[in-house]
Amino acid sequence: MTDFVYRLYYWPSLPGRGEFVRLLLEDAGIPYVDVARTSEDEGGGVQSVLALVKGGIDCFAPPILEYESGRHIAQTANICQYLAITHDLVHEDPFDRMLANQFQLTLADLVSEVHDTHHPISTSMYYEDQKDAALLRSAAFIEHRIPKFFGFFERTIASMKETYLLGERCTYPDLSLWHTLEGIEHAFPKAYAAHIVDYPRLRALRTAVGAREGIAAYVSSARRMPFNEHGIFRNYPELDLED
Ligand SMILES: N[C@@H](CCC(=O)N[C@@H](CS)C(=O)NCC(=O)O)C(=O)O
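Calculation rules
Each chain carries its own residue numbering, running from 1 in the written order of its sequence. This being a predicted model, a pLDDT of at least 70 is required before a residue's local features are given, and a value of 80 or more before pairs of side-chain atoms are given or counted; all residues contribute to the totals for chains, interfaces and linings. Hydrogens and water are ignored here; the side-chain numbers use all heavy atoms of the structure. Strand pairing follows a simple DSSP-based rule, namely that at least 2 bridges must link the two strands. Note on conventions: DSSP H or I runs of at least 4 residues are helices, E runs of at least 2 residues are strands, and numbering of each starts at the N terminus. Where helices are involved, their axes are fitted lines through C-alpha atoms of the stretch in contact, as for all axes, and angles between N-to-C directions lie from 0 to 180°. Here, two residues are considered to be in contact whenever any of their heavy atoms come within 4.5 Å of each other. Here a residue counts as near a molecule or strand whenever at least one of its heavy atoms sits within 4 Å of it. Any N or O atom pair separated by 3.5 Å or less is treated as a polar contact, with the protein-specific requirement of one donor-capable and one acceptor-capable atom, and with residues adjacent in sequence counted only for side-chain atom pairs. Values of accessible area rely on a 1.4 Å probe in the Shrake-Rupley scheme; residue burial ignores everything except the protein chains shown. Any residue that is not Ala, Val, Leu, Ile, Met, Phe, Trp, Tyr, Cys, Pro, Asp, Glu, Lys or Arg is counted as polar, Gly included; the first ten are nonpolar and the last four charged. Joining through side-chain atoms within 4.5 Å is the link that ties buried Ala, Val, Leu, Ile, Met, Phe, Trp, Tyr and Cys residues into a set, and such a set is a nonpolar core. Burial classes follow relative accessibility: with a 1.4 Å probe on protein chains only, a residue under 20% of its type's maximum area counts as buried, one over 50% as exposed, and anything between as partly exposed. Should an angle fall under 35 degrees it is taken as roughly parallel, and over 145 as roughly antiparallel, whereas 65 to 115 is taken as roughly perpendicular and any remaining angle as oblique. By definition, turning the near helix anticlockwise from the far helix through less than a right angle yields a left-handed crossing, and turning it clockwise yields a right-handed one. The pairing test for Phe, Tyr and Trp rings, Trp by its six-membered ring, is centres within 6.5 Å, and the orientation test on the planes gives stacked under 30 degrees, edge-to-face over 60, and tilted for anything in between.

A. Here's a closer look at the sheet that holds strand 1 (residues 6-9). If you walk across this open sheet you meet the four strands as 2-1-3-4, and the pairing is mixed. Only two strands of the sheet have a single neighbouring strand rather than two, namely strand 2 (32-34) and strand 4 (71-74). Across the sheet, the axes of successive neighbouring strands diverge by a mean angle of 25°, strand direction being ignored. Sheet topology places strand 3 (residues 64-68) next to strand 4; four bridges connect them, and they run antiparallel. What sits directly across from Ile64, in strand 4, is Ala74. Across the face of the sheet, helix 2 (residues 46-53) comes into contact with strand 1, strand 3 and strand 4 while running at roughly 90° to strand 1.

Take a look at the structure:
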């Protein structure tokens, strides 16, 4: 291993999908530079991300990790898997590794669905111009998709008879599940409260991950960006359950 410090490229004004990578790095205490959050004078800012995605590397969209000087990888699940394997943060057994990736990809599906609740037609249109569709999409998400995803992860943890998705060892999909639960609570506080009572293992996982040293330190630091209405998990009260 070289002494190269990882460089994460992600939009600087929202936690977004970059947060799943940050959580893995923070939990493990791995140093990294959050490039776009440094100043433009230092080669950061939005321009640093745009330069990469327009610059002929093999990466379609951020998050992008520069893992060696001039070598980049993209796709959140791919980045997490690379880091976890490289730093021994996931089981050695190939089936367990595949399961970790499978859970991460399932979370990626859930995250995309959350995004589509406020942008069901196009990311290039304003929310206000697709609000009618967003209302329908959010109602369906709350009624059908939250219980389906929450039920899946609850059953998975139950089948392991331990705290986490892969048993007693906390791995990167657990950190991502934690963030996704936080995000859904931010976006749909009433729906989250109504559903989560049925999922004791998800509540326990949330408590356990939140109490981890690296995560607790990160959450209380300025590095942790709050959710906001530019990101994936947006709080538009009209999309949540009614009283
Ligand atoms: N499947 C990709 C999705 C990447 C993605 O959608 N990135 C967003 C930010 S969270 C983006 O900037 N997309 C630009 C685009 O799709 O044109 C992943 O999980 O990393």
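B. Seen up close, the site of the ligand. Residues in close proximity to the ligand include Tyr10, Trp11, Arg17, Phe60, Ala61, Pro62, Pro63, Gln75 and Thr76, which together make up its full environment. Within the contact set of the ligand, an oxygen atom lies 3.3 Å away from a side-chain nitrogen or oxygen of Arg17. At a separation of 2.7 Å, a nitrogen atom of the ligand approaches a polar side-chain atom of Gln75. Considered on its own, the ligand offers 510 Å² of accessible surface; in the complex 64% of this is hidden by protein. Looking at side-chain class alone, the shell around the ligand contains six nonpolar, two polar and one charged residues.

C. Expanded view of the nonpolar core. Phe150, Ile184 and Leu202 are the most contacted members of the largest nonpolar core, which has 59 residues in total. In this view, Leu202 contacts Phe150, Phe153, Glu154, Ile157, Leu177, Leu181 and Ile196; residues no more than four positions away in its chain are not counted. In terms of nonpolar packing, the next biggest core, distinct from the first, is built from eight residues, Tyr9, Leu52, Cys59 and Ile64 among them.

D. Highlighting the environment of Arg22. Secondary-structure assignment places Arg22 in helix 1 (residues 18-28). By relative accessible area, Arg22 is classed as buried at 0%. Along the chain, Arg22 and Cys80 lie 58 residues apart, while their C-alpha atoms are 9.5 Å from each other. When near neighbours in sequence (up to four residues on either side) are disregarded, Arg22 contacts Leu8, Tyr10, Leu14, Pro15, Tyr32, Asp34, Arg37, Tyr218 and Met225. For Arg22, the side chain forms a polar contact with the main-chain oxygen of Pro15, separated by 3.3 Å.

E. The arrangement of the packing of helix 5 (residues 131-160) against helix 7 (residues 189-196) in detail. Direction vectors running N to C along helix 5 and helix 7 enclose 50°, while the axes themselves pass 11 Å from each other. Our classification of the angle between helix 5 and helix 7 gives oblique. In terms of crossing hand, the pair formed by helix 5 and helix 7 is right-handed. Note on element contacts: helix 7 touches helix 5 through Ala191, Tyr192, His195 and Ile196, opposite Ile142, Ile146, Pro147 and Phe150. Tallied by class, residues from the contact of helix 5 with helix 7 come to seven nonpolar, one polar and no charged.

F. Region of the structure containing the packing of aromatic side chains. In total, this model carries eight aromatic pairs according to the counting rule given. When the ring of Tyr127 is compared with that of Tyr236, the centres are 4.0 Å apart and the planes differ by 5°; the resulting orientation is stacked. Here the residue Tyr127 occupies a position in the loop between helix 4 (94-118) and helix 5, and Tyr236 occupies one in the segment after helix 9 (213-219), the gap between them amounting to 109 residues. Given a relative accessible area of 4%, Tyr127 falls into the buried group. Here the aromatic rings of Phe227 and Phe233 are separated by 5.6 Å at their centres, their planes lie at 75°, and the arrangement is edge-to-face.

What is shown is where atoms sit, not what they do.
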